[in-house]
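Coordinates in review
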Amino acid sequence: MANITVLGAGAWGTTFGQVLADAGNDVMMWAIEPEIVDAIENRHVNPVRLPSVKELPATMHATGDRQEAVGHADVVVVAIAAQFARQALEQFRGLLPADVLVASLMKGIEKDTGKRMDQVVTEALDLPSDRFLAISGPNLSKQVAAREPAATVVGCTDIDNARLMAKLCTTKYFKAFITSDVIGLELAGSLKNVVALAVGMSHGAGFGENTAAMIETRGLREISEVGTAAGALPETFYGLAGVGDLIATCGSPLSRNYTFGYNLGKGMSVEEATKVSNGVAEGVATAGAVVALGEQYHVDTPLAKAVAHLVQGGITFQQMIAEMFPDEVTME
Ligand SMILES: NC(=O)C1=CN([C@@H]2O[C@H](COP(=O)(O)OP(=O)(O)OC[C@H]3O[C@@H](n4cnc5c(N)ncnc54)[C@H](OP(=O)(O)O)[C@@H]3O)[C@@H](O)[C@H]2O)C=CC1
Ligand SMILES: O=C(CO)COP(=O)(O)O
């Protein structure tokens, strides 16, 4: 087992820290807010981000000191809101041990650059790509935190590193598969959040399962086309990190993206939905980045375009559906 540091004690970072501790690792959480550090270190709880867990494992510790956090780490896990990852990680550059592995749990595309989190993390930390791991799957944090059975996928261009990381995060209730398709994991996890926003809107607007199935199925087609054009393996989109995560995220009010969309569908503005959101809804910033990716790779992205149009305040939900499904007849 290993010394593992998790950067970011949000809902998923804290939950994954618990998984790692249950798997027998020594876990150090790093967070900016002193009250979160104090709560995890001294009271074994994270009432701000993960109130459903009443007692975190005793082998989980926390610090706000960057050097102390990563100085002795074998593995560093990054679980910071995607749009802030680069600026947060640049402050760790030069502090990590030479052979450290770095795993990302994040599901987002950097808005200003259109870059995936594997690109952001390796650039910010000056890390060789074979020591970067992506971890993605149908993993709603509250259910994993309750130790309900779940599975994920660990990806690395060096498959031995993926296997090592998978072993480090496997428990009786959490199963990790491996792949070398890092790009596929990154894009499947990030792009499904845009689909979850649209499905949430549809339910919020009062529509039922047919509409949801239409959006999910066409959404899966769109994200797999963008993904494969960008270099991902098609099969990744039909696995746990693709269709698996779509099923979980588009079907649960525990998803912040689904709920954000639901609130928009009910008539809230983006500002109002942001205010009541219980954590980051990555799809809001990622929608525009998906449109840009589509343009870059010459793939049509009607769903992402329509979602981006709506969150930018341009159109209603009914207009969004019309933009997604124009009148012309096309092959499925
Ligand atoms: N929740 C889930 O079920 C799952 C989430 N994910 C992905 O994991 C990532 C993290 O999600 P989650 O933990 O749930 O999100 P939360 O919204 O609960 O937490 C976001 C985390 O990012 C941190 N953060 C934000 N801005 C900064 C900054 N400038 N510097 C340092 N830290 C910062 C927050 O710190 P602070 O608390 O101080 O604001 C917090 O720790 C996201 O990309 C999400 O898509 C993946 C799978 C499942
Ligand atoms: O990615 C997730 C589940 O796999 C969590 O989705 P949200 O970020 O929408 O809560």
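Rules behind the numbers
- Residues numbered from 1 in each chain as written.
- Chains lettered and ligands numbered in written order.
- Predicted model: local features only at pLDDT ≥ 70, side-chain atom pairs only at ≥ 80, totals over all residues.
- Heavy atoms only, no water.
- Near = heavy atom within 4 Å.
- Polar contact = N/O pair within 3.5 Å; in protein donor to acceptor, adjacent residues only side chain to side chain.
- Areas by Shrake-Rupley, 256 points an atom, 1.4 Å probe, with all protein chains shown as cover.
- Helix = DSSP H or I, 4+ residues; strand = E, 2+ residues; numbered from the N terminus.
- Pairing = 2+ DSSP bridges.
- Axes fitted to C-alpha atoms, helices over the stretch in contact; angles between N-to-C directions.
- Contact = heavy atoms within 4.5 Å.
- UniProt positions renumbered as here; feature names shortened; annotations may be inferred.
- Parallel < 35°, antiparallel > 145°, perpendicular 65-115°, else oblique.
- Nonpolar A, V, L, I, M, F, W, Y, C, P; charged D, E, K, R; others polar.

Attention now moves to the site of ligand 2. The environment of ligand 2 is made up of Lys107, Gly137, Pro138, Asn139, Leu140, Lys192, Asp245, Thr249, Leu254, Ser255, Arg256 and Asn257. One of the side-chain N or O atoms of Asp245 is found 2.7 Å from an oxygen atom in ligand 2. A distance of 2.7 Å separates an oxygen atom of ligand 2 from a polar atom in the side chain of Asn257. For ligand 2, the accessible surface in isolation is 300 Å², of which the surrounding protein chains cover 92%. Looking at the shell around ligand 2, the elements with two or more residues in it are α10 (240–250) and α11 (256–265).

Attention now moves to the sheet that holds strand β1 (residues 3–7). Strand order in this open sheet of eight strands is β3-β2-β1-β4-β5-β6-β7-β8, and the pairing throughout is mixed. With partners counted over all chains shown, the strands left at the sheet margins are β3 (60–63) and β8 (174–179), one partner each. Averaged over all pairs of adjacent strands, the angle between strand axes in this sheet comes to 25°, irrespective of strand direction. Sheet topology note: the β1/strand β4 (residues 75–78) ladder contains four bridges and is parallel. Within the sheet, the bridge partner assigned to Val6 lies in β4 and is Val77. Seen against the sheet, α10 touches β6 (132–136), β7 (150–155) and β8 and runs at an angle of roughly 145° to β7.

In the numbering used here, UniProt assigns the feature "domain: Glycerol-3-phosphate dehydrogenase NAD-dependent C-terminal" (unreviewed entry) to residues 181–321. Taken as a whole, residues 181–321 contains 72% helix and 0% strand, while its terminal C-alpha atoms sit 32 Å from one another.

A few words on the packing of helix α9 (residues 209–229) against helix α14 (residues 302–311). For the pair α9 and α14, interaxial distance at closest approach is 8 Å and the crossing angle is 110°. Relative to α14, the element α9 is oriented roughly perpendicular. Between α9 and α14, the contacting residues are Ile215, Gly219 and Glu222 on the first element and Pro302, Leu303 and Ala304 on the second. Partitioned by chemical class, the residues of the contact of α9 with α14 number four nonpolar, one polar and one charged.

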